[in-house]
Amino acid sequence: MDLTYTPEEEEFRARLRTWLAGVLPALPPKPSPHDWPARRAYDLGWQRMLYDAGYAGLHWPVDAGGRGATPTQHLIYLEETEKAGAPYVGANFVGLLHAGPTVASEGSAEQRARWLPPVLRGEEVWCQGFSEPDAGSDLAALRTRAWRDGDDYVVSGSKIWTSHAEVANWCELLVRTDPDARKHRGITWLAMPMDAPGVTVRPLRTLAGSTEFAEVFLDEVRVPAANRVGAENDGWRVTMVTLSYERGTAFVGEVVACRRVLSEVAREARKNGRWDDAVLRRRLGRLNAEFRALWRLTQWNVSEAQHTGGVPGTGGSVFKLAYSHARQELFDAAAEVLGPDALDLGREWTLDRLSSLSYTIAAGTSQIQRNIVAERILGLPRGR
């Protein structure tokens, strides 16, 4: 494990800072959080700027359209863009952080050429069709069926918590292709066009009032067999690649953001008199230590990935588990500092506090993460 930066990496950091300082002041105002078509256009516009500057798909392999940067350079990129207040990936989240890396790792040459360049250029948006209403936290219990009919799969079923479905062009979709196989062995990973006949999208309004998730209903949707990534019934293994990216690096920028928020919460406490509360000061101090430790854990995971081919390992589950709970406590502490103002949805941190409640569920519940840590890292026997 090497947590130091080389002169070349520091030079990369300096160039990135210079570029960000030049382009960020010229960005248009952010659209309303409730206007998803405008948010899509804004996010895709930023992605195109990254592409033109050579920062799109920074850590993707060169043969997948990326720059082939090291995981450490990618970490520097995430750190510096967050510190500078650059736009978040937004509607590009699934394509850039989940589906794209999965296709780059598991897709054929034809699939890479078709799907990856539009993601990098900011031309197409992906959504994630994994979770189902009756499966709960057991992803392998999915029931959406797909059966082969000539050159197509015919898909029927439903998905829930489908991120950015209402503005997506493609969906990374898990389907059951062998109902008689053991539940982990009968799953297939498909890329489904969202404009295919039989796809119905119903947005879901969250506790915070946003609609970045949706229910998706599939009524005999025909998906070309050429859109299958990996072999038929090998979708669980392909999905583990997807989830390793989701849990390994997708939240890195948010750790930097949380450290910034923690500093702002401390300043607010000093300003409104709450800093005199010794219990609160200890709580903020402990959170500072936790987020510093999470950043070091991130560096450790990135260092490991750099020596194992670039795919995050099971250490991502340790990170995701710890980060989810630290984030919730951070915004609980922010609410304590705000006092009655924490009930005002217009106040800073209030909506973040509501959204933080989902982090122990999204991308694998904390219970699932504990099982992964226990079985795959600690070597404990499987529960019965």
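Here the structure is shown first, and the text comes after it.
No experiment lies behind these values; they were computed from the predicted model shown. (Residues numbered from 1 in each chain as written. Predicted model: local features only at pLDDT ≥ 70, side-chain atom pairs only at ≥ 80, totals over all residues. Heavy atoms only, no water.)

Draft legend 1. Representation of the packing of helix H4 (residues 93-106) against helix H5 (residues 109-121) within the structure. The interhelical angle for the contact between H4 and H5, taken along N-to-C directions, is 155 degrees, at an axis separation of 10 Å. One way to sum up the angle between H4 and H5 is to call them roughly antiparallel. Every pair of crossing elements has a handedness; the one defined by H4 and H5 is left-handed. Of the residues in H5, those touching H4 at Gly 95, Leu 96, Gly 100, Val 103, Ala 104 and Ser 105 are Gln 111, Arg 112, Trp 115, Leu 116, Val 119 and Leu 120. Residues that form the contact of H4 with H5 fall into these classes: seven nonpolar, four polar and one charged. (Axes fitted to C-alpha atoms, helices over the stretch in contact; angles between N-to-C directions. Helix = DSSP H or I, 4+ residues; strand = E, 2+ residues; numbered from the N terminus. Parallel < 35°, antiparallel > 145°, perpendicular 65-115°, else oblique. Left-handed = near helix turned anticlockwise from the far one by under 90°. Contact = heavy atoms within 4.5 Å. Nonpolar A, V, L, I, M, F, W, Y, C, P; charged D, E, K, R; others polar.)

Draft legend 2. Just the state of the cysteines, in detail. Counted according to the given criterion, the structure contains zero disulfides. Looking at the unpaired Cys 127, the closest cysteine sulfur is the one in Cys 171, lying at 3.8 Å. By relative accessible area, which is 0% here, Cys 127 ends up buried. (Disulfide = S-S within 2.5 Å. Buried < 20%, exposed > 50% of the residue type's maximum accessible area, 1.4 Å probe, protein only.)

Draft legend 3. Up close: the nonpolar core. In terms of nonpolar packing, the biggest core is built from 72 residues, with Trp 46, Trp 126, Trp 189 and Phe 291 touching the most fellow members. In terms of residue count, helix H9 (residues 315-338) provides more of this core than any other element does, 10 residues in total. The contacts of Phe 291, once residues within four sequence positions are left out, are Val 255, Cys 258, Arg 259, Leu 262, Tyr 323, Ala 326, Arg 327 and Leu 330. Among the nonpolar cores identified, the runner-up in size contains 25 residues, and Cys 127, Val 155, Leu 190 and Met 192 belong to it. (Core = buried A, V, L, I, M, F, W, Y, C linked by side-chain atoms within 4.5 Å.)

Draft legend 4. The packing of helix H1 (residues 7-23) against helix H3 (residues 71-83), seen in detail. Relative orientation of the contacting elements H1 and H3 amounts to 30 degrees, with a least axis distance of 10 Å. The element H1 and its partner H3 pack so that their crossing is right-handed. Only Thr 72, Gln 73, Ile 76, Tyr 77, Glu 79, Glu 80 and Thr 81 of H3 make contact with H1, whose side of the interface consists of Glu 9, Phe 12, Arg 13, Leu 16, Arg 17 and Leu 20. Among the residues making up the contact of H1 with H3, the classes are represented as five nonpolar, three polar and five charged.

Draft legend 5. Region of the structure containing the environment of Arg 222. Of note, Arg 222 is situated in strand E7 (residues 213-224). Among residues more than four places away in sequence, those in contact with Arg 222 are Asp 149, Asp 152, Tyr 153, Val 154 and Ala 196. Within polar-contact distance, the side chain of Arg 222 engages the side chain of Asp 149 at 2.8 Å. Side-chain polar atoms of Arg 222 contact the side chain of Asp 152, separated by 3.0 Å. (Polar contact = N/O pair within 3.5 Å; in protein donor to acceptor, adjacent residues only side chain to side chain.)

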